[in-house]
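This is what each chain is made of:
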Amino acid sequence: SAASSDYPLRDVYKRQVEPKATQQLLEDAAVDVEAWLAKKVADKIARGQNRRFILGNGVNEPRGLATYPTAATGDGARGWGTLEHVATGAAGVFAASNPADILFDLIGAFKDAYLQNARFLTRREVITLVRKFKESGTGQYLWQPGLQAGQPQQLLGFPVTIAQDMPALSSGSLSLAFGDFAEGYQIVDRLGITTIRDNLTLKPYVKFYTRVRFGGGVLNFEAIKFVKFGA
């Protein structure tokens, strides 16, 4: 059973920003400054959330999925709180011989229930390496680029999401994840992005107090697994 301090939904964290503009600028600018500020703030908050959902340490922020301990132990044999990894055996790279085999091993480590909605999550540098993999015998590339608008790129029949917040390639890095992330990782969003418009306390400035309350952590430790770029 999990300790209460490990429960990812125990706390919801707050992030806030407070950009401001003069009332005159808001009235006279040729563009909608208020809408522009709202978009910039939303983009900044979203980037920060994405990073924390992967790398957050769980202290005043969510616990990122790439920060949990991992082990080369199959489902049913690991303790709660540990994710499974399969290792390439080479520091910071795929194996020199049959490098694509590790991806088949990764997929094969899952229970069928988690494969229907599974996808890869990794950095662009990893995909650059994967794009060069070919099937033995046929010489066909394993990578399947998305040729239709709105259709994701695929690897071995599964969608691929690029996330540069994933750990950089290095010895022992967990730079590629695979699984059903909706099942494995729980995101809590209390109110979305809320903004209070304050045109009184700092005249002639108008302040836009913007905040978000969110949390996250792994709930199902069988639904997500990693490739470990090392032994």
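Look up a bit, the structure's there.
Residues numbered from 1 in each chain as written. Predicted model: local features only at pLDDT ≥ 70, side-chain atom pairs only at ≥ 80, totals over all residues. Heavy atoms only, no water.

Draft legend 1. Quick look at the packing of aromatic side chains. This structure, assessed with the given rule, holds 10 aromatic pairs. Taken together, a centroid distance of 4.8 Å and an interplanar angle of 65° make the contact between Trp80 and Phe221 edge-to-face. With Trp80 in the loop between strand S3 (70-71) and strand S4 (83-87) and Phe221 in the loop between strand S11 (205-218) and strand S12 (224-229), this residue pair connects regions lying 141 residues apart in the sequence. In this structure Trp80 comes out as partly exposed when scored by relative accessible area, which is 41%. Judged by relative accessible area, Phe221 falls into the buried class, the value being 6%. (Phe/Tyr/Trp six-rings, centres within 6.5 Å; stacked < 30°, edge-to-face > 60°. Helix = DSSP H or I, 4+ residues; strand = E, 2+ residues; numbered from the N terminus. Buried < 20%, exposed > 50% of the residue type's maximum accessible area, 1.4 Å probe, protein only.)

Draft legend 2. Structural view of the nonpolar core. With 26 residues, the main nonpolar core has Phe94, Leu103, Phe120, Val130, Leu155, Leu176 and Phe178 as its most contacted residues. Looking at this core, the elements that each hand over two or more residues are helix H3 (101-108), helix H4 (124-130), strand S8 (158-162), strand S9 (173-179) and S12. At 4 residues, H3 tops the list of elements feeding residues into this core. Each residue touching Phe94, except ones within four places of it in the same chain, is listed here: Thr88, Pro99, Ile102, Leu103, Val126, Leu129, Val130, Phe133 and Phe229. Residues Ala66, Leu121, Phe181 and Val212 belong to the second largest nonpolar core, which totals 21 residues. (Core = buried A, V, L, I, M, F, W, Y, C linked by side-chain atoms within 4.5 Å. Contact = heavy atoms within 4.5 Å.)

Draft legend 3. Molecular detail of the side chain of His85. With respect to the element layout, His85 can be found in strand S4. Classification of His85 as buried rests on a relative accessible area of 8%. For His85, the side chain forms a polar contact with the side chain of Thr70, separated by 2.8 Å. In this view, His85 contacts Thr70, Ala71, Ala72, Leu174, Phe226 and Lys228; residues no more than four positions away in its chain are not counted. (Polar contact = N/O pair within 3.5 Å; in protein donor to acceptor, adjacent residues only side chain to side chain.)

Draft legend 4. Inspection of the environment of Ala109 at higher detail. Looking at where Ala109 falls in the secondary structure, it is placed in the loop between H3 and strand S5 (119-122). The exposure class assigned to Ala109 is partly exposed, which follows from its relative accessible area of 23%. Counting along the chain gives 61 residues from Ala109 to Gly48, while the straight-line C-alpha distance between them is 31 Å. Among residues more than four places away in sequence, those in contact with Ala109 are Asp75, Glu84 and Lys225.

Draft legend 5. Region of interest: the pairing of S8. In terms of strand pairing, S5 meets S8 through 3 bridges, oriented parallel. If you follow Phe120 over to S8, its bridge partner there is Val160. Where strand S7 (residues 154-155) folds back on S8, the antiparallel hairpin that results is connected by 2 residues, among which Leu156 adopts a positive phi of roughly 55°. (Pairing = 2+ DSSP bridges.)

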